[in-house]
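The chain contents come next:
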Amino acid sequence: MRWSEIGGQNCSVARALSVVGDRWTLLVLREAFMRTRRFEDFQARTGAPRPVLAERLRSLVDDGIFERRRYSERPDRFEYRLTPKGRDLYPVLVSLLGWGDRWMTDPAEPPVTLRHRGCGEIVQPELACPVCGEWVEARDMEAVVHQPA
C-alpha cells in the first residue's frame, strides 16, 4: 500500500495519519497550539522549507484543521487559526509532548511545561488538571517555554 492510500483504510488511526502523520505537519500543529498564526512565524519556528510549509498549511486548511483568515488587504496576508476539528488534536500533541519529555529529553528539565490557566499550576500532560481536578482542553492551557541554561 502506498502512503497516499492510507486515508482510505477503515481505521481511525490510519485516517488520522493521512492528515497529521507527517513530521512537518506535527511541528506546524505544535506551533499553532503555542498561538503561532502567520506563515513567516510558522516558517521561522519550525524551520520547514517555504514550499513544504505552504503545502502543509494548504492541506491543513483543505482538511478542516485550520481556517485561513485575511488580516491585511494591501498586500493580501493571511493567518491560520485552528478550527474546532484542529483544536481536538490538542490531546494528541500533549501526549507526544509527555512521551518526548519521558523518553527523548532530560526529564529534570523539559524544554516546555504546560501551565493550567485556571489554577496557575504546572501540570504533566494529562486530560485533567491533577492539581484542581478540572478537565482541560487547548484553550485552558498555556505553554511556558523554558530557555536552556
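In the block above lies the structure referred to throughout.
Residues numbered from 1 in each chain as written. Predicted model: local features only at pLDDT ≥ 70, side-chain atom pairs only at ≥ 80, totals over all residues. Heavy atoms only, no water.

S.K.: If you had to explain the pairing of strand 1 (residues 66–73) to someone new, which residues and values would you point to?
M.R.: In this structure, strand 1 lies alongside strand 2 (residues 76–82), joined through 7 bridges in antiparallel fashion. Each residue of the ladder has a partner; that of Arg69, found in strand 2, is Glu79. Taken together, strand 1 and the strand that follows it, strand 2, pair antiparallel across an intervening segment of 2 residues. (Pairing = 2+ DSSP bridges. Helix = DSSP H or I, 4+ residues; strand = E, 2+ residues; numbered from the N terminus.)

S.K.: An account of the environment of Ala32 is requested, with residue identities and associated values reported.
M.R.: Along the chain, Ala32 turns up in helix 2 (residues 23–33). Setting aside residues no more than four positions away along its own chain, Ala32 makes contact with Phe42, Phe66 and Leu82. (Contact = heavy atoms within 4.5 Å.)

S.K.: Lay out unusual backbone geometry in plain terms, naming residues and giving numbers.
M.R.: Geometrically, the link from Arg74 to Pro75 is a cis peptide bond, its omega value of 0° lying close to zero. Here Pro75 shows up in the loop between strand 1 and strand 2. For Arg35, which is not glycine, the phi dihedral falls at a positive 75°. A relative accessible area of 40% means that Arg35 is categorised as partly exposed. (Buried < 20%, exposed > 50% of the residue type's maximum accessible area, 1.4 Å probe, protein only.)

S.K.: Describe in detail the nonpolar core, supporting the description with residues and values.
M.R.: Leu29, Phe42, Leu57 and Phe66 are the most contacted members of the largest nonpolar core, which totals 25 residues. Elements with a minimum of two residues in this core: helix 2, helix 3 (39–46), helix 4 (50–62), strand 2 and helix 6 (90–103). For this core, the element with the most residues is helix 2, which contributes 4 residues. (Core = buried A, V, L, I, M, F, W, Y, C linked by side-chain atoms within 4.5 Å.)

S.K.: Got a sec to walk through the packing of helix 2 against helix 3? Specific residues and values, please.
M.R.: Direction vectors running N to C along helix 2 and helix 3 enclose 115°, while the axes themselves pass 10 Å from each other. The chirality of how helix 2 crosses helix 3 is right-handed. In this structure, helix 2 contributes Trp24, Leu27, Val28, Arg30, Glu31 and Ala32 to the contact, and helix 3 contributes Phe42, Arg45 and Thr46. (Axes fitted to C-alpha atoms, helices over the stretch in contact; angles between N-to-C directions. Left-handed = near helix turned anticlockwise from the far one by under 90°.)

S.K.: Report on the sheet that holds strand 5 (residues 141–145), specifying residues and quantitative values.
M.R.: One open sheet holds the 3 strands; their spatial order is 4-3-5, and the pairing between them is antiparallel. Each edge of the sheet is formed by a strand with only one pairing partner; in this case those strands are strand 4 (122–123) and strand 5. The pairing of strand 3 (residues 112–116) with strand 5 spans 5 bridges and is classified as antiparallel. Residue pairing across strands places Leu114 opposite Ala143, the latter belonging to strand 5. Packing against the sheet, helix 6 makes contact with strand 3 and strand 5, and its axis sits at approximately 130° to strand 3.

S.K.: Mind laying out the pattern of salt bridges, listing which residues take part and the relevant values?
M.R.: Under the criterion given, the structure shown has 8 salt bridges. In this structure, Glu142 and Arg115 form a salt bridge, with 3.9 Å as the shortest nitrogen-oxygen distance. Taken together, the residues Glu142 in strand 5 and Arg115 in strand 3 connect sequence positions 27 residues apart. Judged by its relative accessible area of 27%, Arg115 is partly exposed. (Salt bridge = Lys/Arg side-chain N within 4 Å of Asp/Glu carboxyl O.)

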